[in-house]
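If you want the building blocks of each chain, they are given just below.
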2 protein chains.
Amino acid sequence: MPIQPRVLKGFRDYLPAQMIPRARMIARIREVFESFGFLPLETPTLEYAEILLGKYGQDAEKLLYRFTDHGERDVCMRYDLTVPLARVVAQYGDLPMPFKRYQISPVWRGENTGKGRYREFYQCDVDIVGSGSLLSDCECVWVDYLVMTSLGLSNFEIHLSNRKLLDGLAQWLGDLETKRLPEVYRTIDKLPTAGPDAVKQMLAGLGLSDAQVAKVFQFLDLKGTPEEVLGKLAPWFAEIPAGATGIQEMRTLLTLIDGAGIPRSHIHLDLSIARGLDYYTGTVFETFLTDLPHLGSVMSGGRYDGLIGFFAGRDLPAVGISVGLDRLFSGLEELGKVDRALSTAQMLMTQMDAALLPLYLKTAGELRHHGLRVEMYHQADKLGKQLQYADKRGIPLAVIIGSDEAARGVAQVKLLAEKRQDEVPLSSLAAWLVDQIKGSSASASPAPGRAR
Amino acid sequence: MPIQPRVLKGFRDYLPAQMIPRARMIARIREVFESFGFLPLETPTLEYAEILLGKYGQDAEKLLYRFTDHGERDVCMRYDLTVPLARVVAQYGDLPMPFKRYQISPVWRGENTGKGRYREFYQCDVDIVGSGSLLSDCECVWVDYLVMTSLGLSNFEIHLSNRKLLDGLAQWLGDLETKRLPEVYRTIDKLPTAGPDAVKQMLAGLGLSDAQVAKVFQFLDLKGTPEEVLGKLAPWFAEIPAGATGIQEMRTLLTLIDGAGIPRSHIHLDLSIARGLDYYTGTVFETFLTDLPHLGSVMSGGRYDGLIGFFAGRDLPAVGISVGLDRLFSGLEELGKVDRALSTAQMLMTQMDAALLPLYLKTAGELRHHGLRVEMYHQADKLGKQLQYADKRGIPLAVIIGSDEAARGVAQVKLLAEKRQDEVPLSSLAAWLVDQIKGSSASASPAPGRAR
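Residues numbered from 1 in each chain as written. Chains lettered and ligands numbered in written order. Predicted model: local features only at pLDDT ≥ 70, side-chain atom pairs only at ≥ 80, totals over all residues. Heavy atoms only, no water.

Asks: If you had to explain the relation of the copies chain A and chain B to someone new, which residues and values would you point to?
Replies: Of the transformation placing chain A onto chain B, the axial shift is 0.0 Å and the rotation is 180°, giving an RMSD of 0.1 Å. With respect to symmetry, the two chain copies, as superposed, fit the operation of a two-fold axis. Mapped onto chain B, 100% of the interface residues of chain A again fall at the interface, so both copies present the same surface. (Least-squares fit on C-alpha atoms with pLDDT ≥ 70 in both. Contact = heavy atoms within 4.5 Å.)

Asks: So, the environment of W108 of chain B: which residues are in play, and what are the values?
Replies: Residues and elements named next belong to chain B. By the element assignment, W108 lies in strand β5 (residues 99-108). On the basis of relative accessibility, which here comes to 0%, the residue W108 falls in the buried class. Once the C-alpha coordinates of W108 and D80 are considered, the two residues, 28 residues apart in sequence, prove to be 7.9 Å apart. Within the structure, W108 has its side chain in polar contact with the side chain of E120 (distance 2.8 Å). (Helix = DSSP H or I, 4+ residues; strand = E, 2+ residues; numbered from the N terminus. Buried < 20%, exposed > 50% of the residue type's maximum accessible area, 1.4 Å probe, protein only. Polar contact = N/O pair within 3.5 Å; in protein donor to acceptor, adjacent residues only side chain to side chain.)

Asks: So what's going on with the nonpolar core? Residues and values would help.
Replies: Counting residues in each nonpolar core, the largest one holds 105 residues, and the members touching the most others are F33 and V143 of chain A. Of all the elements, helix α5 (residues 134-150) of chain A adds the most residues to this core, at ten residues. Leaving out residues up to four positions away in the same chain, F33 of chain A has contacts with F38, Y102, C124, D125, V126, V143, V147 and V323 of chain A. If you look at the next biggest cluster of nonpolar residues, it comprises 104 residues, including M349 of chain A together with L191, I262 and L269 of chain B. (Core = buried A, V, L, I, M, F, W, Y, C linked by side-chain atoms within 4.5 Å.)

Asks: Explain the environment of G205 of chain B residue by residue, including any values.
Replies: Structurally, the position occupied by G205 of chain B is in helix α9 (residues 196-205). Considered as a pair, G205 of chain B and M352 of chain B are 147 residues apart in the sequence and their alpha carbons are 77 Å apart.

Asks: Hey, could you go over the sheet that holds strand β14 (residues 397-400) of chain B for me, with residue numbers and the actual values?
Replies: Residue and element names in this part refer to chain B. In space, the five strands of this open sheet follow the order β13-β12-β14-β15-β16, with mixed pairing throughout. Two strands lie at the open edges of the sheet, namely β13 (374-376) and β16 (420-425), each paired on one side alone. Neighbouring strand axes in the sheet, compared pairwise and without regard to direction, differ in orientation by 25° on average. Strand direction decides the pairing type here: strand β15 (residues 410-415) and β16, joined by six bridges, are antiparallel. Along β16, the bridge assignment pairs L415 with R420. (Pairing = 2+ DSSP bridges. Axes fitted to C-alpha atoms, helices over the stretch in contact; angles between N-to-C directions.)

Asks: Tell me what's going on with the interface of chain A and chain B, and back it up with residues and numbers.
Replies: Each partner contributes to the interface: chain A provides 97 residues, whereas chain B provides 97 residues. A combined buried area of about 8,400 Å² lies between chain A and chain B, and 63% of that area is made up of carbon and sulfur atoms. Between chain A and chain B we count six salt bridges in total. One salt bridge in this structure joins R87 of chain B and D13 of chain A, with 2.6 Å as the shortest N-O distance. (Buried area = accessible area lost by both parts, 1.4 Å probe. Salt bridge = Lys/Arg side-chain N within 4 Å of Asp/Glu carboxyl O.)

Asks: I'd like a rundown of the side chain of E42 of chain A, residues and numbers included.
Replies: If you trace the backbone, E42 of chain A turns up in the loop between β1 (39-40) and β2 (46-48). A polar atom in the side chain of E42 of chain A sits 2.5 Å from the side chain of Y122 of chain B. Sequence-distant contacts of E42 of chain A, that is, excluding residues within four places in its chain, are made with Q103 and S105 of chain A together with R12, D13, Y14, M19 and Y122 of chain B.

In C-alpha cells, the structure reads:
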C-alpha cells in the first residue's frame, strides 16, 4: 500500500508562492530590528523539560510537545522565545547588559487548530534585558510602529496600558485576594472579544461584588485623550502607590513616544488590555489593524521584570515585543498588501539548440556575474513550451539565442508581459538587462532577503 | 532548588557573535541559489513517522527523534530535507516541473556527538526535480563552485563520480550479488578515511575474492586527467552498458562544466566517492577544502532518480546538492575567513542629559530614516561608561549631544577605533554619517541578510 503524502494537523508546507513574500516580510522586519541594534540569537528546538515547566501556567503546559529522547532525557519542543532567552541570560553570565536581542524561530503548541491557529508557527521577538528605563519600553513601541509602516500599513492602532494601573484598580476596588488578581486581569483582557455583559458575569463569578464590578467598568469606560484619562485616574489612585506609579510611567512613555515622532493617531491608551501571561509587570502593548478588527492583535508584548531574574538569580528587568507573523501575514494578504511572486529568477535563458549549450552556459554565467538572477531551461524543447514555462512562473524576461543569433552575436530578449521583443548584442546584453530590470516592473520582485 | 540553565547534549545556542557571521554566510548562499532561479520551500519540523521510515536505511532510522503526539500520532522530527521534498512533490500534483527548490532548515539526528557533529544542525539544499538533463547536474556543480567562491574560498576541490561507473565496476568484477552492492559501495566510499588496507579487508569480508579486490583497486588507482581516466575505463566497460553510460554521462558533464567556465583546477574525477545513502543513481559530488583535508566534504549531493518517483507514483528524475553549513562555517573560521562582528548597530546615540531625550529620539529617528542602524544608550550614565559599552560591542561610532551641543545645533561624532572626534551640524548629520559609513571600515560590517 503506498504511503499517503500528507502533513500533520496544525502543520503547514510553505510552498514558494507563500515563501517568497513571507521571506520578504521577515527580511523587512529584521531590518527594522537591526536598525535599533538588536542582535540575532538562536536557541535549540529542544530544551530540558524542567527549563520550560512551571513558567507558562498549567493550561499552557498541557500544550507542550514533551517526550523522552534517546538518552532518556525529559525534553520539550520550544513553546516560546522568552523562556529560552531567560535561560540564555542565566547560562552566559558575561553577556554585556543591556542585552538587546531578536529571535525569529518557530515554536510548537499542541493546541486545537482553527482559523490562523497552528501547532507550528513562527515567533519574531525583540527584547531588551537589563534595562528598567522607559526609553526601552518606548523603543518597543517604536519597533512596532516601524514594522507596521515598513510593511505598507497605515491603518493600525497601538494599544497601551500598564499592569500597575490594573494593580491600582485592584486596590481601589478593595477587599480582593492577591492570588485572584491574575484571573481578574485575564477576565478584563477578554473585554474586546467577550463583550461587557460576559465580562461582568465572569467577574461576579470570581467573587466580585456588584459595587466592585461597577467600579471596574467605571475604570474601563474612561474616555478622552490618554492624558485626560490619566488625569481622571489620578484622584482615585492618589493614596495607591502602584496606581500612581502606573500613571507616572504612562505619562513619561507618552512623552518619549512623542519625541520619537510616532503620530498620536496610532497610539491608544486602552485600560482593558492586560496580556494573558502572568509575568507582565509594567507597560503592555497590543496592535490592531483598523480595517480588520476581528483579526486580533498582530504585535504584542510588555515589560516583565521578574522572569529573567528568576532564572539568573539576580534583578534583571526586561521589556519586549513580538510580531504575530502568521496573523500579520494573513492580514496583509486580506488587505491586498502582499506582492505575489512565483519566481526568484528575473529571466529565463532558453535552450534553442543543444549544440549551443556552451554559449548558453557562458552567457548565463556572465549575466549572473552582473548580479542578475537567471534560470536556464533544462532541455531544447519547443520555444513555445519554454516561454509557457516562464509565463507560468512569472519570470518576466526570456533570452533567446538560436543558431542565427549565435552567428550574428546577438540575443533576442522577450518581455513576456508586454509581448515586446528586442535584439541586443551579446557584448552588451548584461548591461542592457540590468537597465531593463532597474526600470521595469521586474524590479518590483526583488529576491527575498533583499527587500528594499 | 534552582534550575540549572543548560542545553541538551548535541544542541547549541547561537549567540550573536556566531549568529551575525552565520546569518551573513546563509544570506550569501541564498543569493547564489536564487541567482539560478531556485525557489524557497519550507516543510514542517514534524512529519508522520510512516513518511520517513524505510527511506534512510536501518542504521539511520535508529537516529530519528520519534514520539507519540497529543493526538496519539506516531511522529518524527525532520531527519533531512530530501524525503520531505519527495512528500511535497507527491502531495501537490500541480507543481510545475522541473521543480527547482531550495530549503535551509535544521534537521535532527540522535547521533553520538563529536567534533563538528551535532544532534541539531542545518541543512541547506538545492534540488531539481523532474529533469533528467545533465545540464541540471552541471547546475549543481556550478552552485557548488559559486557558493565556495562567494564565501571567499579559492582552495577547494569538487570531486565527481557517477554511480553508473560503480555499477560498471560491479559487473566487470563479475559474480557479485546485486543486494550486496550497496555495502560494496559504502565500503569503497570509506577509502579516503579508512585507507586502502582497511578497505581491502572489508571488501574481503563482504565475500569478494582476492582477484575481485585487486580489480577494485585497479579501478580506484586509475590516474590522469578525467578524460584520460575515462579513456582507460572505456575498454573495460565496452560490453557493460551501465558502465559505458556512466562514461558518456561523465564526458558530457565535463563539457558542460567547461562551458560554465568552472576552472578545471577545481574539478576532480574521484572514483572512490559513492555517497553513503542508497538512493543515488548517477552523478555524485563531494567538495573538500584543500587546506583542511581532515574536515571532510563541505558540499555534497548527486542524482537520485528513484526516490521522488517512489512517493509520487510516477517517473521523476532528480538531482541536488547540499551545503554542510556547520562544517563549512567551522572550516571558514579555521581559515580566518569569518568576519567577526559583535554588533548590528553602526553607531551609538549616547545619552548625556535625560532632559534632552526628545532630541536624542528625534535624531535617532532621522538617522534610521536614512538607512543607518542606530542603537540608543538606555540611560544617562557617565560618558565613559557609554563609550565602553560601544567599544565592547564593536559599535564603531558614537554620537554625543550635550546641552552645549544642543544649544549650538551640533553633535560630536566619535570614531572609537581612531580616537578621532568631529563636530557636525545636526542639520547635515545623517548625510555626514552615511558618507562616513560608506568610506570607513564600518562598511565591512553589513547587517546579516544584506551581505553584499
